[in-house]
Amino acid sequence: MTERAYFDELYASSPDPWDLAARAYELRKYDLTVASLPRARYRRAFEPGCSVGLLTRLLVERCDEVVASDLVAAPLVLAAERAPAATFRRGGVPDDWPPGRLDLVVLSELLYYLSAADRAATIERARESLDPGGHLVAVHWRHPFVEAACDGDTAHAEIRRDPTWRVLVEHVEPDFRLEVLERGAD
Ligand SMILES: C[S@@+](CC[C@H](N)C(=O)[O-])C[C@H]1O[C@@H](n2cnc3c(N)ncnc32)[C@H](O)[C@@H]1O
């Protein structure tokens with residue numbers, strides 16, 4: 001697992017360390033992510049690892065309620081300016097998970113920072129908190145990088161190991177993989 005100190009230092013060196021607000025690659029990926037949502041409207045979404053809120057800003061347009069979180073406090077200030085309709089929590093998954101039912105969970109560029117055990121626990125928490133028929137969106141960079149515990153394809157394969165997820169969308173490019181999975185009934 002990538003330690004919190006790593007992300008604290010990153011945000012101390014730059015308010016938007018991945019340049020998420022400016023890179024065409026990221027902005028297109030956010031647009032594709034929301035365009036892949038099968039439903040016009042969602043009731044309640046959770047987006048852990050929201051960083052500076054670029055995707056959060058798009059999600060609030062499609063959801064009655066969005067709860068978003070990050071391990072680090074600093075990006076949440078910018079995220080709250082971008083998406084004032086969302087509710088923000090400082091905390092790390094899998095431990096910090098909002099109470100209550102969800103019909104959408106968005107894991108964007110997050111799973112590979114977690115240990116194998118935390119990835120499994122996060123995926124399970126998503127499954128448990130989603131209503132039957134609720135959607136899990138996963139989108140991850142496919143190439144290995146130093147801080148990552150695994151690559152994006154591996155993280156997505158771990159989700160799909162549980163056959164109760166129904167794959168609704170599978171979009172694969174050389175650089176990233178985007179999937180929407182529907183939670184089946186127990
Ligand atoms: C690469 S950024 C991705 C930001 C955004 N989700 C996106 O797709 O552009 C990863 C973010 O996850 C946060 N993060 C890392 N581990 C986390 C955890 N266990 N729980 C919540 N957020 C975490 C980091 O602080 C960072 O802001």
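Here's a quick rundown of the structure.

Rules used throughout
- Residues numbered from 1 in each chain as written.
- Predicted model: local features only at pLDDT ≥ 70, side-chain atom pairs only at ≥ 80, totals over all residues.
- Heavy atoms only, no water.
- Helix = DSSP H or I, 4+ residues; strand = E, 2+ residues; numbered from the N terminus.
- Rg over C-alpha atoms; globule rule 2.2 N^0.38 Å.
- Buried < 20%, exposed > 50% of the residue type's maximum accessible area, 1.4 Å probe, protein only.
- Areas by Shrake-Rupley, 256 points an atom, 1.4 Å probe, with all protein chains shown as cover.
- Lys, Arg positive; Asp, Glu negative; His and termini not counted.
- Charge placed at Lys NZ, Arg CZ, Asp CG, Glu CD.
- Salt bridge = Lys/Arg side-chain N within 4 Å of Asp/Glu carboxyl O.
- Near = heavy atom within 4 Å.
- Polar contact = N/O pair within 3.5 Å; in protein donor to acceptor, adjacent residues only side chain to side chain.
- Nonpolar A, V, L, I, M, F, W, Y, C, P; charged D, E, K, R; others polar.
- Core = buried A, V, L, I, M, F, W, Y, C linked by side-chain atoms within 4.5 Å.
- Contact = heavy atoms within 4.5 Å.

1. Quick look at the overall build of the protein chain
Helices and strands together make up the secondary structure of the protein chain, namely six helices and seven strands. At 15 Å, the protein chain has a C-alpha radius of gyration in line with the 16 Å of a compact globule built from 186 residues. Considering only C-alpha atoms, the protein chain reaches an extent of 45 × 35 × 30 Å along its principal axes. Across the 186 residues in the protein chain, those meeting the buried criterion constitute 50%. On the protein chain, roughly 8300 Å² of surface is accessible, and the fraction owed to carbon and sulfur atoms is 53%. If the 23 positive side-chain charges of the protein chain are averaged to one point and the 32 negative ones to another, these points end up 4 Å apart.

2. Side note on the pattern of salt bridges
Applying the stated rule across the entire model yields 20 salt bridges. The closest approach of N and O atoms between Arg4 and Asp8, which form a salt bridge, is 3.5 Å. Of this pair, Arg4 and Asp8 both sit in helix α1 (residues 4–13), four residues apart, which is roughly one turn of the helix. Notably, a salt bridge pairs Lys29 with Glu26, separated by 3.0 Å at the nearest N-O pair.

3. Overview of the site of the ligand
Near the ligand lie 18 residues; those nearest to it are Tyr11, Tyr30, Gly49, Asp70 and Ser108. Between the ligand and Tyr30, the relevant distance is 2.5 Å, taken from an oxygen atom to a side-chain nitrogen or oxygen of the residue. Taking Ser108, its side chain carries an N or O atom lying 2.5 Å from an oxygen atom of the ligand. In isolation the ligand offers 600 Å² of accessible surface; the protein chains occlude 98% of this area. Counted by class, the shell around the ligand contains eleven nonpolar, five polar and two charged residues.

4. A short note on the nonpolar core
Trp97, Val105, Leu111, Leu136, Ile159 and Trp165 are the most contacted members of the largest nonpolar core, which has 27 residues in total. If you list the elements that add at least two residues to this core, you get α1, β4 (102–108), α5 (116–129), β5 (130–141) and α6 (152–160). Not counting residues within four places of it along the chain, the set of residues in contact with Leu136 comprises Val105, Leu107, Ala126, Leu130, Ile159, Trp165, Glu179, Val180 and Leu181. The next biggest cluster of nonpolar side chains, apart from the first, holds 22 residues, and it includes Leu55, Ala86, Val139 and Leu178.

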